[in-house]
Each structure stands twice: as structure tokens, then as C-alpha cells.
Amino acid sequence: MRNRTLASALLLLGSLTPAASCSTDPPTDDSARAPGGPVDLARIKGIRIVSDNSHDRSCRWAASYPDVPGATAMTAAMKKDVEGRVADFHGGEGHGPTALCGGVRTATRRARSAELHIGFSFLVASGDVLGVRLTTFESPSAGDGTDTRTYWYDGRDGTDRPALELVAPGSRNAFAAAVRKRLTGVEGADPASLDDTARDHAADHGADRATALDDLAFTDDGDLRVSFDRGTVGVPAAGRHTVTLPETTVRPWLSDFGRRAQRQTLRPGRELDLGATATPTPPPVPTYTADGGDRTDRTDCAEVTCVALTFDDGPAAPQTATLLTYLAAYGARATFFTVGQNVAAHPELVRAEALAGHEIGNHSWDHPDLTRLAPAEIRSQLARTNAAIEAATGRAPTLFRPPYGAIDDKVRFATTLAPLMWDVDPEDWKYLDAVRVAQYVIANTDRDEVVLLHDIHPTSVEAVPEILRTLTERGYHFVTVSHLYGHRHTD
Ligand code: ZN
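Residues numbered from 1 in each chain as written. Predicted model: local features only at pLDDT ≥ 70, side-chain atom pairs only at ≥ 80, totals over all residues. Heavy atoms only, no water.

### Observations regarding helix α14 (residues 434–444)
Here is step 1 of the chain: For α14, the set of buried residues is Ala434, Val437, Ala438, Tyr440, Val441 and Ile442.
Here is step 2 of the chain: For α14, the elements touching its buried residues are β15 (450–454) and α15 (458–473).
Here is step 3 of the chain: For α14, the capping residue at the N-terminal end is aspartate 433, with a side-chain oxygen 3.0 Å from the backbone nitrogen of valine 435. (Buried < 20%, exposed > 50% of the residue type's maximum accessible area, 1.4 Å probe, protein only. Helix = DSSP H or I, 4+ residues; strand = E, 2+ residues; numbered from the N terminus. Contact = heavy atoms within 4.5 Å. Polar contact = N/O pair within 3.5 Å; in protein donor to acceptor, adjacent residues only side chain to side chain.)

### Some words on the nonpolar core
Here is step 1 of the chain: Grouped together as the largest cluster of nonpolar side chains are 39 residues, with contacts concentrated most on Leu41, Ile44, Val68, Met74, Phe122, Leu130 and Leu134.
Here is step 2 of the chain: Taken together, the elements giving at least two residues each to this core come down to β2 (59–67), α2 (72–90), β3 (114–126), β4 (129–139), β5 (146–154), α10 (340–345), α11 (347–355) and α12 (375–393).
Here is step 3 of the chain: In this structure methionine 74 touches Leu130, Val132, Tyr151, Trp152, Tyr153 and Asp160, once residues within four positions along its chain are discounted. (Core = buried A, V, L, I, M, F, W, Y, C linked by side-chain atoms within 4.5 Å.)

### A short note on the packing of aromatic side chains
Here is step 1 of the chain: Using the criterion set out here, one finds three aromatic pairs in the structure.
Here is step 2 of the chain: Centroid distance phenylalanine 120 to phenylalanine 122: 5.8 Å. Interplanar angle 85 degrees. Geometry classified as edge-to-face.
Here is step 3 of the chain: Under the relative-accessibility criterion, phenylalanine 120 is labelled buried at 5%.
Here is step 4 of the chain: Classification of phenylalanine 122 by relative accessible area gives buried; the value is 1%.
Here is step 5 of the chain: A cation sits over an aromatic face here: arginine 161 above phenylalanine 257, 5.4 Å from the ring centre. (Phe/Tyr/Trp six-rings, centres within 6.5 Å; stacked < 30°, edge-to-face > 60°. Lys NZ or Arg CZ within 6 Å of the ring centre and 35° of its normal.)

### Focus on the packing of helix α9 (residues 319–329) against α11
Here is step 1 of the chain: Where α9 contacts α11, the axes come no closer than 10 Å and their chain directions differ by 15 degrees. Overall, the two elements α9 and α11 adopt an arrangement that is roughly parallel. Of the two elements, α9 crosses α11, and the hand of that crossing is left-handed. Judged by residue contacts, Thr320, Ala321 and Leu324 of α9 engage Leu349, Ala352 and Glu353 from α11. (Axes fitted to C-alpha atoms, helices over the stretch in contact; angles between N-to-C directions. Parallel < 35°, antiparallel > 145°, perpendicular 65-115°, else oblique. Left-handed = near helix turned anticlockwise from the far one by under 90°.)

### Quick word on the pairing of strand β9 (residues 241–245)
Here is step 1 of the chain: In β9, alternate side chains face the same way, and those of His241, Val243 and Leu245 are buried while those of Thr242 and Thr244 on the opposite face are not.
Here is step 2 of the chain: Where strand β8 (residues 224–228) meets β9, five bridges bridge the pair, whose relative direction is antiparallel. Note on β9: the bridge partner recorded for phenylalanine 228 is histidine 241. (Pairing = 2+ DSSP bridges.)

### A few points about the side chain of aspartate 215
Here is step 1 of the chain: Its location among the elements puts aspartate 215 in the loop between α6 (205–212) and β7 (216–218).
Here is step 2 of the chain: Under the relative-accessibility criterion, aspartate 215 is labelled buried at 0%.
Here is step 3 of the chain: Within polar-contact distance, the side chain of aspartate 215 engages the side chain of arginine 133 at 2.8 Å.
Here is step 4 of the chain: There is a polar contact of 2.5 Å between the side chain of aspartate 215 and the side chain of threonine 148.

### Concerning unusual backbone geometry
The phi torsion of most residues other than glycine is negative, and most of the peptide bonds are trans.
Here is step 1 of the chain: Cis rather than trans, the peptide bond between glycine 314 and proline 315 has omega equal to 0 degrees.
Here is step 2 of the chain: Locating proline 315 in the fold gives a position in the loop between β10 (305–312) and α9.
Here is step 3 of the chain: Cis geometry is found at the peptide bond from alanine 317 to proline 318, where omega equals 0 degrees.
Here is step 4 of the chain: The backbone phi angle of aspartate 313 is positive, close to 80 degrees, even though this residue is not glycine.
Here is step 5 of the chain: Inspection of the secondary structure assignment puts aspartate 313 in the loop between β10 and α9.
Here is step 6 of the chain: With a phi angle near 65 degrees, aspartate 448 is a residue other than glycine that sits in the positive phi range.
Here is step 7 of the chain: Locating aspartate 448 in the fold gives a position in the loop between α14 and β15.
Here is step 8 of the chain: Here aspartate 448 falls in the buried class, since its relative accessible area comes to 7%.

### Considerations on the environment of glutamine 439
Here is step 1 of the chain: Secondary-structure assignment places glutamine 439 in helix α14.
Here is step 2 of the chain: For glutamine 439, a relative accessible area of 53% corresponds to the exposed category.
Here is step 3 of the chain: Counting along the chain gives 31 residues from glutamine 439 to threonine 470, while the straight-line C-alpha distance between them is 9.8 Å.

### Focus on the sheet that holds strand β6 (residues 159–161)
Here is step 1 of the chain: If you walk across this open sheet you meet the six strands as β1-β2-β3-β4-β5-β6, and the pairing is mixed. A strand with exactly one partner marks an edge of an open sheet, and here the two such strands are β1 (48–54) and β6. Neighbour to neighbour, the strand axes of the sheet diverge by 15 degrees on average, direction disregarded.
Here is step 2 of the chain: One ladder, built from seven bridges, connects β1 with β2; its direction is antiparallel. Each residue of the ladder has a partner; that of serine 51, found in β2, is serine 64.
Here is step 3 of the chain: Across the sheet, α2 touches β2, β3, β4, β5 and β6, and the angle it forms with β2 is around 175 degrees.

Below is the structure:
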């Protein structure tokens, strides 16, 4: 349960390196795992990101999806989809990905950890149209592990719409034929598989076709892009297939909803209005300021006993606000390794963290195992998050904590941010028990150590007052990790 924290020299080196030099290269265009999307999350009123992560070393998963006020049916559909995939990954005996996950646990220690990652990006959030793509990555997996699906919501009549409903019912045969034609001659593609679906299941081919054609979205030019998961329309070895039908071709085939979705993609309106009857009132944001406004921490860790509490995976409302209140009561400083999409949804909480004198670090955009990503994808995960943190606080972080602590040379070379691990891990994501978490931290923390907690879990936040009270009684001072490494005592 104990990890070695990286050397202070490395950390100081990182803090002296301008974060702005971090590349902002976008991932390659056909990357199915591009994080984020073009939509500014903070512009979606009342958005809540539903997320949960498991940090089990041999069976890791992170899943998140958006809950947008008004789009109740769509949120419910995504919840069902996500929860089903997580359950498949987790449980059951002897079948499918579950067996792979369980199998890794008992396999040789050299076996790579299983991972399930479900992330989302907004395609459109404008007017009465909401479009979201869920991207699932799973390893090990029978295919390339990536599965994408687009969800569409029509605020005009409050309907959750499968992707194929962008096309009018009477035009779907013509549309499918055009897609088949585009796939003809493409290496590894088997356009007849779309034919077969229609012919063999004449009575219900609509459902089958809707399953195959479950990722449809408009490009910035109004073209309609159809993405197929590996093995859907060809041999698995050929990977994913993408077909883009020109705007002029698809225009006559679009449904009324499809035309509105296309229009909102090309010319987004100012506000998303899905006819929500009530937008949740955001919880109050604390306005603590460190030492009456002086953000400089003068704690001398050479003289007094210091410890660094770190909180990963947030911010989350309302837990993070509650946590800030507890920390302020003890004049304690902490470090928050925030997830970019949560920063984008709750910039006010990250601003409050910074104002209170806490340190903000980067924990990637949506919590993938970075070692499985291409360098451009790693850069995108970190650069987008740095940009969101800088937009919220006016200051870009210099530290990052790789999700799951998973790091290799490819990740190190992809960023100038200094990686920061931890010493004390109460496994609070597993033991959702405030008393147990507090007891573990109190019993296992020594001078100058870094403690790992997660402020997305209310039980972890509720463990903090006891940790602060007991360790304060024992003479501990709570500082940020950069302060700890810059000032700690030497034996
Ligand atoms: Zn994490």
C-alpha cells in the first residue's frame, strides 16, 4: 500500500520548468480516444459529471458521463449503458471481459493490469440539441478495445434519439446504401455485412441497423461522419472504419431533428435550452483566503513536522466545498490533483481551492491509464487539463499525478510536468468508511509523507476532520506538496 514518492530534485526541476512549454498537439484526427470535445462544459448550466473510479491495481476502471438538466431520458440511457459495462467488467464467472479482469488478478505478476475506461465528449450542446459521444476502452479485449456510441437528445419534444434518427425513416435505405458504397474497396472492410443485417433480419432490421450505425455526428462542414467499431463492418484486423458523407449528399436524407442537429453543429446558438423545468441550485462555494489573503506559506518544515494531504479525482460538488471548510478550520493546506473535465464543469471550486492557498495539480482530463495512450493523446490529456486549471485559477500547475500511478518513459517524455506519487494509501476508494480511512492515515503517516485521498467520495471527506484533529495534536503541520519538497527537513 506504500508507494515511493519521487525525488524532490525531480519535483523542483519540474516546478522550474514553464508549464506553457507543454505541447498542445491534438491527438490524431482518427483517434477514438480524444478527450473532451469542442463544447465548453462551464456553459452548460447545472451540468453534473457522474464519475467513479476504482484504483484496484489489477482491475482498474474509470467511468464518467454527463447529467445535463432536462435531458433526463438521455442521462438514464447513458447510466444504463455505463453501469452495464462496468458490471460486465467486474463480475460474473468465466465469461467475457469479466473473466479477463478476474484472470489478470490471478495471473503472473508481470501481466498487464486490466483497464476499463469510459469517457465522453460533447458533440453539440446548443439550442434544443444535445449530442454526446461515449467512448469505451477496454483491455484486455477481443477487439482493439475501443467502442464509441453517440447519444442524441431532442429538447423540442424531450426525446432521447438513437443516432440513426438523424436520418429520416424513408431515407435510411438510401443512406445505408451510400455508406456501403463508400466502404466498397476499402481494405479490410466488408460492406456486405451491412447488407446482411438488412436482408437477414428483414422484420427487425431497423434495430440491427441502428446498432451498427450507432455513432453518427456532423463535421464542422456539415458532412455526416459514420464511425464503426472494429469488426462491425469488416475483419477485426482492419480496425475502425469511418465514412464521411458530404453535406450535399446527406441533406435530403436528414430528419427534422437531423437538420436541427446539423444546424446547431455548424452555428451553435448561445444557450442550451432543453426545457428543463428546474436547474439545480449550485451549492455555495467557500471563500476562504489563506492567512488573510497572503498565499505564501511560511511553515518551516525543517523546524516543524510536516505532512502533505493530497486529494485526487475532483473537484466534485458538494464534497469539495465541504472539504475546503474542514481544511480552513485547521489552517491546513493541501494539494488537489484535479481531473480536467471536472475542473471545466466546476471552475468555481478550483478557484476556491487556489484562493485558500491550496496547490492544484493535474490528474489528466478523464482518468485513463496514460501508459496505454499515444504521445499525442497523453499531451492532449494533460494540456487540456492544464488549460482548464489556468482558466479557473490564473495559474497553470507544475505537478501531475498519473491516474493509477501508471507512468513510463513515454509518459515522462510527453510532458514537462513533474510526476508526484504518494507514500500513504488508505485505499479510500475501496473502503468507503470514514472511520477506517481516518484510522489508517493516522496510524501510518510519518513526517514529510504524502497521503493519498479522493475528494469525490463523501466518506473520504468525512475522514478529514479526525485526521486534522489528531495529527494537529501530534504537532503535524499540513502543507502543499511543493512546499513540502521545497522545505522539508533533512536527516
Ligand atoms: Zn485518480
